[in-house]
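# Summary of the model geometry
Now for the letters of each chain:
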Amino acid sequence: MLASQMVNSAERFYKLASIWINLGATQVQLLDEDLVLVSIPEEFTPSKSMLSVQSRVSTLALRISGLTGDAWSSIAESMLDGLGSLLTIESEMKDLTAALVETQDRLVAIYELTQATRRTLDIPALMELLVKESKTLFDADGGLAILKEKGQKPIFHQISDKYLSQTELEALAALFHKDQNRFVINDPHLLPPGIHNLMMLSLPVRDKVSALFGVYNSKTDFTSPDIKLAQAIAGQLGAQFENTYLHLESLRRVRLEAEMDIARQVQMNILPQNVPIIDGLDIYAMSAPAFEVGGDFFDVIERSKDSLVLTVGDVTGKGMPSALLMSMTHTVIKSASRMMPFNFPHQVLDRLNFDLFSDFSNVGMFATVFFGTFDRTNSVLSFSNAGQSPIYHIPNGQEPVLLEAQDVPVGVLTENAFSTQKIQFSNGDIFVIATDGFPEARNTFDEMFGYERMKNSLSKSRNLSAKEMVESLLADVNSFSASKLQEDDQTIIVVKVNDMDRTKQFLIPATFEDIRIPAEYLRALLVKAALDESIINGCELAVQEHLTNLVEHAYVGNSDNTITINITCDENQVMIETIDKGKPVNVDLSKVKMPNPMDLAEGGYGLAIIQSLMDDVTYNTNNGRNTWQLIKFIHRTP
Amino acid sequence: MALEVSTNEKVIKIVTISLKGRFDAFEAPAIRKICDEYIANDFIHFVFDLTDISMLDSAGLAVLVSALKRTRLQNGNVRLVWPKAEDAARILKLTKFDQVFALIKLSEVIPVGF
């Protein structure tokens, strides 16, 4: 070893040798054991006196001709030791340099691997890169990677002259999982035939994914630096695999969101977009799913002129599974109520249970359903209630009464177990069918809105229209739950049996003759309501003046057009609302003045008269529809 | 000295129009036409007997005002008999025409006892 080193250090030796020759030596030779490494001069010139010194630290020896004496001998020894040490250091330096170069090469390799994988967001392509690059990096004949997602089949990737079977790969993975600290196996007995050494590591990816990579059949056995390098690669690639999974997940999520959006649209279209307008009934229905799709449904169907179907249901659970069952349930009820001749509502639920029992029990779900028919000839509501809650009956002038369900939900029992109940309605009665999303709405303290608050809300808003009652309830629930998100679907139908003697709608042609019909009706209505003659007369005159104005100005006497008039009288006010499609009016209602009678004007009194008779007059025009509201407050003496 | 007698007959024609029921925009044109015919024939004194009307609206009022305007030009007048139903002619109060029209009792037109 020293001999080869000497070749590079010959220059130094020449300098040393020339010092000795200047001191009188005839020849200087450096020997390693018996081998002459260098001789200066090369030609040997025999000499009587010769100094031979053996190094104390190495196998080197120095032979100097032409000089003798102990003094020279000790100098030569020191010189020889120094030379030996120098050669040893140089040798170590060279080794170190080689190691550094190798480390740098590996760092560059890791950098290149990272660069190559950075833009790869595809699992098989990442595996290919990982195996190929690490095989090159570790100068191995084979490379492998095994990726297994929980609940899925493993993916294998190999690049090798000697391919391992899937069984062998699985056995290696099992071996690795047995002792995860043993990164390297250099014992061929533990390895499949043809494999003499193996280094295997796991990549730090998410919990649900197990990822291994390995290299095998390296020319030299794997060492501790190899493991360190492999760990660095594992760290880098693990992060890239994780990124790729996140990327794939976000892709999946976007796709799922788009699909959910469509599902939601489909579902919203299944539910009625608007409820039938039925003379004498004020109906409002709505459904607000908590998630993208919900398990609640409702329907208001006019079966015939005299029969109205009301249904509200709630399939247990939320999201897609309950939405699918909800669609089925809704469809069965809809077709059963339309096609099937039935006398009692419970027959529809029997049919529903018969059709869908196995579907429900297969997935461990069930549905609460209210199904009712309202007979308009006698104002009787027949209904069957399979676990649906809350249902309120609000008799005219009384507090809401909670009607508890008399039957178990659909999909629970195989045998038919539904019954029919009947309620006789009177004018002014209100019926509310809702899902538990209202009473079970929670606030940030995890308190529930509850049945009592719901009852109070309905009681408070009972004199409003069906739509306003629902809006008022939603406002109460929302202010209760405040910032807490809606957790469950909220569905509700409110049916108000109008006091038909007190509310009336007219659709009349715009002529002076026809406007008498609502004006005279109004008088009769208010007389019946036992209001003061001055109020009755004032309202009648106001309506007369107002309708005359519409005929004269909005329609300019054109009788082809019509005016809609809604007349309502309740405990607090008389309201006359008109809707016309004539010319919009450009008037500032706050600046209307009564003409001076001394001017003997023959017109221009109408609006001033109306304003002096009524308490509130409003006008708005939208899309060619002009709406006027004339309100007279009633102050009854108790 | 013999009594000198001279007689002077003055005939004042008063048209009394009695209405019953609603005097509103639908009826107004017909009443206006009646007034127009009388005025064209030089009748300048009108009494509208509103005793039995159930309501008077601004279109009816316009007929009354129109008649008043035209008869006044010829020194005539329009007088009104207030309806039995106090509120039926409420519009006259709202518009303050109760201070413009002479309001009389029917007996002032046709003296009792004749």
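Values in this document were obtained by computation on a predicted structure and should not be read as measured data.

## Quick word on the overall build of chain A
- Summing up its helical and strand segments, chain A has twelve helices and 24 strands in all.
- Its C-alpha atoms give chain A a radius of gyration of 49 Å, more than 25% over the compact-globule value 26 Å for 638 residues.
- Principal axes of the C-alpha set define a box for chain A whose edges measure 160 × 75 × 45 Å.
- For chain A, buried positions account for 47% of its 638 residues.
- Look at the contacts in chain A between residues 6 or more apart in sequence, and 65% of them connect residues 24 or more apart.

## Notes on the packing of aromatic side chains
- What the rule picks out here adds up to 14 aromatic pairs over all chains.
- Measuring from centroid to centroid gives 5.1 Å for Tyr38(B) and Phe43(B), while their planes differ by 90°, and the two rings are edge-to-face.
- For Tyr38(B), a relative accessible area of 32% translates into the label partly exposed.
- An aromatic cluster of three or more residues is present, and its members are Phe370(A), Phe374(A), Phe383(A), Phe425(A) and Phe431(A).

## Overview of the pairing of strand E2 (residues 45-56) of chain B
Residues and elements named next belong to chain B.
- Where burial is concerned, most of E2 is hidden: nine out of the twelve residues are buried.
- Relative to E2, strand E1 (residues 14-23) runs parallel, the two being bridged by nine bridges. Looking at E2, one finds that Ile14 is bridged to His45.
- Crossover E1 to E2 through helix H1 (residues 28-40) is right-handed.
- The pairing of E2 with strand E3 (residues 77-81) spans five bridges and is parallel.

## Some points on H1(B)
All names here are of chain B.
- Relative to the 18 Å expected for 13 residues at 1.5 Å per residue, H1 spans 18 Å between its end C-alpha atoms, a close match to the ideal helical length.
- Among the residues of H1, those classed as buried are Ala28, Ile31, Cys35 and Ile39. Down the axis of H1, the buried set is contained in an arc of 75°. They therefore lie on one face. Opposite the buried face of H1, at more than 90 degrees from it, the exposed residues are Pro29, Lys33 and Ala40.
- At the C-terminal side of H1, Asp42 shows a positive phi close to 65°.

## Concerning the layout of surface pockets
- What the second largest pocket holds in volume is close to 580 Å³.
- Forming the boundary of the second largest pocket are 29 residues, of which Thr548(A), Asn549(A), Glu552(A), His553(A) and Gly604(A) lie nearest the centre.
- Only helix H11 (533-554) and helix H12 (606-613) of chain A together with H1 and helix H2 (58-73) of chain B provide two or more residues apiece to the lining of the second largest pocket.
- Here the element with the most residues in the lining of the second largest pocket is H11(A); it accounts for eight residues.
- Its residues assigned to classes, the lining of the second largest pocket shows 16 nonpolar, eight polar and five charged.

## What to know about the sheet that holds strand E13 (residues 367-375) of chain A
Residues and elements named next belong to chain A.
- Reading across from one edge, E11-E12-E13-E14-E17 is the order of the five strands in this open sheet, with antiparallel pairing throughout. The open sheet has two edge strands with one neighbour each: strand E11 (296-302) and strand E17 (421-424). Taking each pair of neighbouring strands and ignoring which way they run, the sheet shows an average axis angle of 15°.
- Relative to E13, strand E12 (residues 307-315) runs antiparallel, the two being bridged by nine bridges. Residue pairing for E13: Leu308 is matched across the bridge by Phe374.
- Along the sheet, helix H7 (residues 345-362) contacts E12, E13 and strand E14 (380-386); its crossing angle with E13, the most-contacted strand, is approximately 155°.

## A look at the pattern of salt bridges
- Counted according to the given criterion, the structure contains 23 salt bridges over all chains.
- The salt bridge involving Glu602(A) is made with Arg32(B); its shortest N-O contact spans 3.5 Å. Of this pair, Glu602(A) sits in the loop between strand E22 (573-580) and H12 while Arg32(B) sits in helix H1, which puts the two residues in different chains.
- Its salt-bridge partner being Lys69(B), residue Glu602(A) comes within 3.5 Å of it at the nearest N-O pair. Separated into two different chains, Glu602(A) in the loop between E22 and H12 and Lys69(B) in helix H2 make up a pair that spans both.
- Taking the relative accessible area as the measure of exposure, Lys69(B) reaches 35% and is therefore partly exposed.
- Salt bridges here are not isolated pairs; linked through shared partners, they connect Arg516(A), Glu520(A), Arg523(A), Glu533(A), Glu540(A), Arg22(B), Asp24(B) and Glu27(B).

## Considering the state of the cysteines
Residues and elements named next belong to chain A.
- Using the criterion set out here, one finds zero disulfides over all chains in the structure.
- This cysteine, Cys569, is not joined by any disulfide, and Cys539 carries the nearest cysteine sulfur, 8.5 Å off.
- Since its relative accessible area comes to 3%, Cys569 is described here as buried.

What counts, and where the lines are drawn
Per chain, residues are indexed from 1 in the order of the written sequence. Going through the entries in the order they are written, you letter the chains from A and number the ligands from 1. Only residues with pLDDT of at least 70 are given local features in this predicted model, and only at 80 or more are side-chain atom pairs given and counted; all residues enter the totals for whole chains, interfaces and linings. Side-chain calculation: all heavy atoms of the structure are included, whereas hydrogens and water are not. Helix and strand assignments follow DSSP, with helices taken as H or I runs no shorter than four residues and strands as E runs no shorter than two, numbered in order from the N terminus. Within these notes, the globule rule equals 2.2 Å times the number of residues to the 0.38 power, and the radius of gyration is based on C-alpha atoms. Buried residues are those whose accessible area, probed at 1.4 Å on protein chains only, stays under 20% of the maximum for their type, while exposed residues exceed 50% and partly exposed ones sit between those limits. Two residues form a contact once any of their heavy atoms are found within 4.5 Å. Between the rings of Phe, Tyr and Trp (Trp by its six-membered ring), a pair exists once the centres lie within 6.5 Å; its type follows the angle of the planes, with under 30 degrees stacked, over 60 edge-to-face, and the other angles tilted. Strand pairing is assigned whenever DSSP detects at least two bridges linking the two strands. With the strands pointing away from the viewer, any crossover whose connection runs clockwise from the first strand over the helix to the second is right-handed. Each residue after the first adds 1.5 Å to the expected span of a helix. Working definition: the arc comes from the directions between the helix axis and the C-beta atoms, pointing outward to the latter. Only protein atoms enter the 1 Å grid used here, on which a cavity is any set of points holding a 1.4 Å probe that cannot leave and a pocket is any open set flanked by protein within 12 Å on both sides along at least five of seven lines; residues with an atom within 4 Å of a point are listed as lining. Grid points are joined across faces, edges and corners, and a volume is the space filled by probe spheres set on the points. Throughout, the ten residues Ala, Val, Leu, Ile, Met, Phe, Trp, Tyr, Cys and Pro are labelled nonpolar, Asp, Glu, Lys and Arg are labelled charged, and all others, Gly among them, are labelled polar. Between N-to-C directions, angles span 0 to 180 degrees; the directions come from axes that are lines fitted to C-alpha atoms, helices contributing only their stretch in contact. Salt bridge, as used here, is a side-chain nitrogen of Lys or Arg placed within 4 Å of a carboxyl oxygen of Asp or Glu. The disulfide criterion used throughout: a pair of cysteine sulfur atoms within 2.5 Å.

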